[in-house]
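Here's the letter readout for the chains.
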Amino acid sequence: MIAGHDDDFSLIVYAQQDGGFQLDVSANPDVYAPDAVERHHRLITRLLGELAEHPDRPIGSLDIVEPEMLTRLIDVWGGAASTFEPVGKATLPERFAAAVASHPDNTAVVCPDDPGTRSLTYRELDVRSNRLARLLIDRGVRRGQLVALAVPRSTDTIVSLLATLKAGAAYLPIDPEYPADRVSYMLGDAKPAAVITAQRDAFARLAVDVPEIGLDDPETEAELAALL
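Residues numbered from 1 in each chain as written. Predicted model: local features only at pLDDT ≥ 70, side-chain atom pairs only at ≥ 80, totals over all residues. Heavy atoms only, no water.

> Teacher, can you tell me more about the overall build of the protein here?
Within the protein one finds 7 helices and 8 strands. Looking at the 228 residues of the protein, the share that counts as buried comes to 30%. In the protein, the share of contacts with a sequence separation of at least 24, taken over all contacts with a separation of at least 6, comes to 45%. A total accessible area of about 14,500 Å² is found for the protein, and carbon and sulfur atoms account for 54% of it. (Helix = DSSP H or I, 4+ residues; strand = E, 2+ residues; numbered from the N terminus. Buried < 20%, exposed > 50% of the residue type's maximum accessible area, 1.4 Å probe, protein only. Contact = heavy atoms within 4.5 Å. Areas by Shrake-Rupley, 256 points an atom, 1.4 Å probe, with all protein chains shown as cover.)

As structure tokens, then:
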């Protein structure tokens, strides 16, 4: 059932005595067109039906897209998607390099809450991640090793992630807000080749011998600026 008027969009699911369910959707008509509300109602109902029929299957494997929508996604909106190589044939850095070559001045990353850089183009992200990747290699990071990323959500997070992959390493995300004992355990257990932080000596208090690269460290900033 679709009814009511809400500030935005809400739904309520009622269990029924016969084992079925009722789904009530309430939407703001100033925000959602009637056909959009109807489509949401159908898709959510379809998802609940799939969950009821296959309770043990992962959500990602459930068939919740309507056949006509699937056709539109592939044949209409997909456009030239068939011209791209399968994911398994190209690494993320290789795909990113193709994006840089295709549209270098397009915005790649946006982070409104970042007190520093709020956005980066593909070209800017490429330059910054290349410099950091070279610094990681200069600091001893080798292909196949692990680099811990303890950087708050910001454009620096994406730069650090991409740089790690460009250096041939894998990354281990660590929330800087984690308790010290948890961070100490993760670093001690994973034994990364380095840890990238956004604050110099952020983990100096921990009894873990891991080289730290502080992005706000003047020495690190000078090294990055000198790299082309």
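> Honestly, the sheet that holds strand β7 (residues 194-197) in this entry has me stumped. Any pointers?
Paired through backbone hydrogen bonds, the strands of a sheet run either parallel or antiparallel to each other. Read from one edge to the other, the open sheet built from 4 strands follows the order β6-β5-β7-β8, with strand pairing classed as parallel. Each edge of the open sheet is held by one strand with a lone partner, namely β6 (170-173) and β8 (212-214). Taking the axes of each pair of neighbouring strands and ignoring which way they run, one obtains an average angle of 25° across the sheet. Where strand β5 (residues 146-150) meets β7, 4 bridges bridge the pair, whose relative direction is parallel. Counterpart to Val147 in the pairing with β7 is Ala194. (Pairing = 2+ DSSP bridges. Axes fitted to C-alpha atoms, helices over the stretch in contact; angles between N-to-C directions.)

> What is the right way to look at the pattern of salt bridges in this model?
If the charged atoms of two oppositely charged side chains come close together, the side chains can form a pair. Overall, the coordinates contain 3 salt bridges when judged by the stated rule. In this structure, Asp105 and Arg123 form a salt bridge, with 2.8 Å as the shortest nitrogen-oxygen distance. Residue Asp105 is located in the loop between α3 (92-102) and β3 (107-110), and its partner Arg123 is located in helix α4 (residues 122-138); the two are separated by 18 residues in the primary sequence. (Salt bridge = Lys/Arg side-chain N within 4 Å of Asp/Glu carboxyl O.)

> Can you help me understand the packing of aromatic side chains in this one?
The description of an aromatic ring pair rests on the distance of the ring centres and on the angle between the ring planes. Applying the stated rule across the entire model yields 1 aromatic pair. On the basis of an interplanar angle of 35° and a centroid distance of 6.0 Å, the ring pair of Phe96 and Tyr122 is categorised as tilted. Here Phe96, found in helix α3, pairs with Tyr122, found in helix α4; they are 26 residues apart in sequence, far enough to count as distant. A residue is classified by how much of its surface remains accessible, and Phe96, at 9% relative accessible area, is buried. (Phe/Tyr/Trp six-rings, centres within 6.5 Å; stacked < 30°, edge-to-face > 60°.)

> Any chance you could explain helix α5 (residues 155-166) here in plain terms?
Owing to its 3.6 residues per turn, the α-helix brings residues three or four apart onto one side. Helix length check: α5 (12 residues) gives 17 Å between terminal C-alpha atoms against 16 Å at 1.5 Å per residue, within 8%. One or two residues past the end of α5 sits Gly168, with phi positive at roughly 90°. (Expected span 1.5 Å × (residues − 1).)

> In this structure, what is going on with the pairing of β7? I would like to understand it.
Regular strands place their side chains on alternate faces of the sheet. Neither face of β7 is left uncovered, since the one carrying Ala194 and Ile196 and the one carrying Val195 and Thr197 both have all their residues buried. Taken together, the 3 bridges between β7 and β8 define a ladder with parallel strand orientation. From the neighbouring strand, Val195 faces β8, where its bridge partner is Glu212.

> Is there a simple way to explain the environment of Leu62 in this structure?
Looking at the element boundaries, Leu62 is found in the loop between α1 (34-53) and α2 (67-77). Expressed as a C-alpha distance, the spacing of Leu62 and Glu50, which sit 12 residues apart in the sequence, is 6.5 Å. Look past the residues within four positions of Leu62 in its chain and what remains in contact with it is Leu47, Glu50, Leu51, His54 and Arg57.

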